[in-house]
Amino acid sequence: MEDNYKNNMVFGVHPVQELIRAQKEIEKVFIQNGVRAPEISEISNYCRANGIPVQYVPMEKMNRLTRKNHQGVIAFICPIEYQPLEKVIQMIFEEGRDPFILMLDRVTDVRNFGAIARTAYAAGVDAIVIPSRGSALINGDAMKTSAGALSAINVCRVDNMKDAMDFLKASGLRIVGFTEKAKQSLWKSDLTGPLCVMMGSEEDGISPAYMSRLDDHLLIPMPGDIDSLNVSVATGIVCFEVVRQRL
């Protein structure tokens, strides 16, 4: 997996500081465990103040990413520019349209994320909302799998998913989530109007803390013996049911 990072990797104290000074979109920062230096602390403090995920990792992981002198810090540049969720919602309403938002809870596989972005863009989704921690890195693999969609669709990275859900509700959006434990079928649900669709991780679905905030719990009926789908496949089914109802 480390090889996937290298196309957008910047390492070393001064190069990372230059990224910060240039206000580049930083996806994530790795800091080596045990490294103590004022410059490293400044980088860490900047990241935390600006919602950039920081992960402290062993020296072995840093050395797997690069054999060059990383000085204990590696940053990954985001190939897209994140958009403020509030601005996106305001823009959609000003255009006289009903928002169609896709929210992803802990989708960490970059290829799944890229495939979801491609489907979402094709289905007319206005924005994909992801958490600043616990989400797939937007790297070369994600961009390639999205077939250019990630360069075209709005992606909103939020520090607090609960706050984002509350904001969407206050803005008039209905939030529906998909789980095999639900009783209401996708096919019998009204998905018109201002809408946010939430999809969860393949491991354990939508987090309980978010499930309690949903307006509706829905399921995709599956008469076969398998009771779950790949998240990108499930997202495609849901998105195009929204398209069908809106058309």
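The structure presented is a predicted model; accordingly, all values stated were derived computationally and were not measured.

Asker: I'm lost on the overall build of the protein in this one. Help?
Answerer: Along the protein, the regular secondary structure elements total nine helices and 11 strands. Whereas a compact globule of 247 residues would reach a radius of gyration of roughly 18 Å, the protein reaches 19 Å, a difference of no more than 12%. Dimensions of the protein, computed from C-alpha atoms along their principal axes, come out at roughly 60 × 45 × 35 Å. With 247 residues in all, the protein has 52% of them scored as buried. Sequence separation of at least 24 residues holds for 81% of the intrachain contacts in the protein that already meet a minimum separation of 6. For the protein, the accessible surface area stands at approximately 12200 Å², while carbon and sulfur atoms represent 48% of it. Here the protein contributes 27 positively and 30 negatively charged side chains, and the mean placements of these two sets differ by 4 Å.

Asker: For this particular structure, what's the right way to read the packing of aromatic side chains?
Answerer: A ring pair, where both rings are aromatic, is described by two values, the distance of the centres and the angle of the planes. Evaluation of the coordinates by the stated rule reveals one aromatic pair. Seen from their ring centres, F30 and F76 are 5.2 Å apart, and the 85 degrees between their planes marks the pair as edge-to-face. A residue pair is termed long-range when its members are at least 10 positions apart, and F30 in strand β2 (residues 26–32) and F76 in strand β4 (residues 73–77) qualify at 46 residues. Look at F30 and you get buried, because its relative accessible area is 1%.

Asker: Honestly, the pattern of salt bridges in this entry has me stumped. Any pointers?
Answerer: A side chain of one charge can pair with a side chain of the opposite charge if their charged atoms are brought near each other. Evaluated as defined, the whole model comprises 10 salt bridges. One salt bridge connects R21 with E18, and the closest N-O pair in it is separated by 2.7 Å. On the criterion of helical spacing, the pair formed by R21 and E18 is a turn pair, its members being three residues apart in helix α1 (residues 13–21). Judged by its relative accessible area of 44%, E18 is partly exposed. For R97, the salt bridge goes to D126, with nearest N and O atoms at 2.9 Å. Taken together, the positions of R97 in the loop between α4 (85–94) and β5 (100–104) and D126 in the loop between α5 (110–122) and β6 (127–131) put the pair 29 residues apart, joining distant regions of the chain. A relative accessible area of 9% places D126 in the buried class.

Asker: Looking at this structure, how should I read the confidence of the model for the protein?
Answerer: Interpretation of this model should avoid reading the predicted coordinates in detail wherever pLDDT is low. Per-residue pLDDT for the protein has a mean of 92; in total, 97% of the residues score no lower than 70. Confidence over residues 1–5 falls short of pLDDT 50; this stretch has 11 contacts with residues more than four positions distant or in other chains.

Asker: Explanation requested: the sheet that holds strand β7 (residues 154–158) in the structure shown.
Answerer: What holds strands together in a sheet is hydrogen bonding between their backbones, with the strands either parallel or antiparallel. With parallel pairing, the seven strands of this open sheet are ordered in space as β7-β6-β5-β10-β8-β11-β9. Strands at the two margins of the open sheet, each flanked by one partner only, are β7 and β9 (184–185). Here β6 runs beside β7; their pairing, made up of five bridges, is parallel. Directly across from I130, in β7, lies its bridge partner R157. Sheet contacts for helix α7 (residues 161–170): β5, β6, β7, β8 (174–178) and β10 (195–199); angle to β5, the most-contacted strand, approximately 165 degrees.

Asker: Can you help me understand the side chain of E27 in this one?
Answerer: Counting through the fold element by element, E27 comes out in strand β2. Despite its burial, E27 pairs with no opposite charge; the closest candidate is R157, at 4.0 Å N-O. Side chain to side chain, E27 and Y82 meet in a polar contact 2.5 Å long. Within polar-contact distance, the side chain of E27 engages the backbone nitrogen of I138 at 3.0 Å.

Asker: For this particular structure, what's the right way to read helix α9 (residues 231–246)?
Answerer: The terminal C-alpha atoms of α9, which comprises 16 residues, lie 22 Å apart, in line with the 22 Å expected from a rise of 1.5 Å per residue. Along α9, the residues that are buried comprise V231, S232, A234, T235, G236, V238, C239, E241, V242, V243 and Q245.

Asker: Explain the environment of K188 to me, please; I cannot follow it from the model alone.
Answerer: Looking at the element boundaries, K188 is found in the loop between β9 and β10. For the pair formed by K188 and I237, sequence separation is 49 residues and the distance between their alpha carbons is 14 Å.

Asker: How do you make sense of unusual backbone geometry when you look at a structure like this?
Answerer: For residues besides glycine, phi is generally negative; the peptide bonds are generally trans as well. Phi at Q71 is positive, roughly 60 degrees, even though this residue is not glycine. Following the sequence through the fold, Q71 ends up in the loop between α3 (59–65) and β4. For R106, which is not a glycine, the phi torsion comes out positive at approximately 60 degrees.

Rules used in this analysis
Residues numbered from 1 in each chain as written. Predicted model: local features only at pLDDT ≥ 70, side-chain atom pairs only at ≥ 80, totals over all residues. Heavy atoms only, no water. Helix = DSSP H or I, 4+ residues; strand = E, 2+ residues; numbered from the N terminus. Rg over C-alpha atoms; globule rule 2.2 N^0.38 Å. Buried < 20%, exposed > 50% of the residue type's maximum accessible area, 1.4 Å probe, protein only. Contact = heavy atoms within 4.5 Å. Areas by Shrake-Rupley, 256 points an atom, 1.4 Å probe, with all protein chains shown as cover. Lys, Arg positive; Asp, Glu negative; His and termini not counted. Charge placed at Lys NZ, Arg CZ, Asp CG, Glu CD. Phe/Tyr/Trp six-rings, centres within 6.5 Å; stacked < 30°, edge-to-face > 60°. Salt bridge = Lys/Arg side-chain N within 4 Å of Asp/Glu carboxyl O. pLDDT = per-residue confidence, 0-100. Pairing = 2+ DSSP bridges. Axes fitted to C-alpha atoms, helices over the stretch in contact; angles between N-to-C directions. Polar contact = N/O pair within 3.5 Å; in protein donor to acceptor, adjacent residues only side chain to side chain. Expected span 1.5 Å × (residues − 1).

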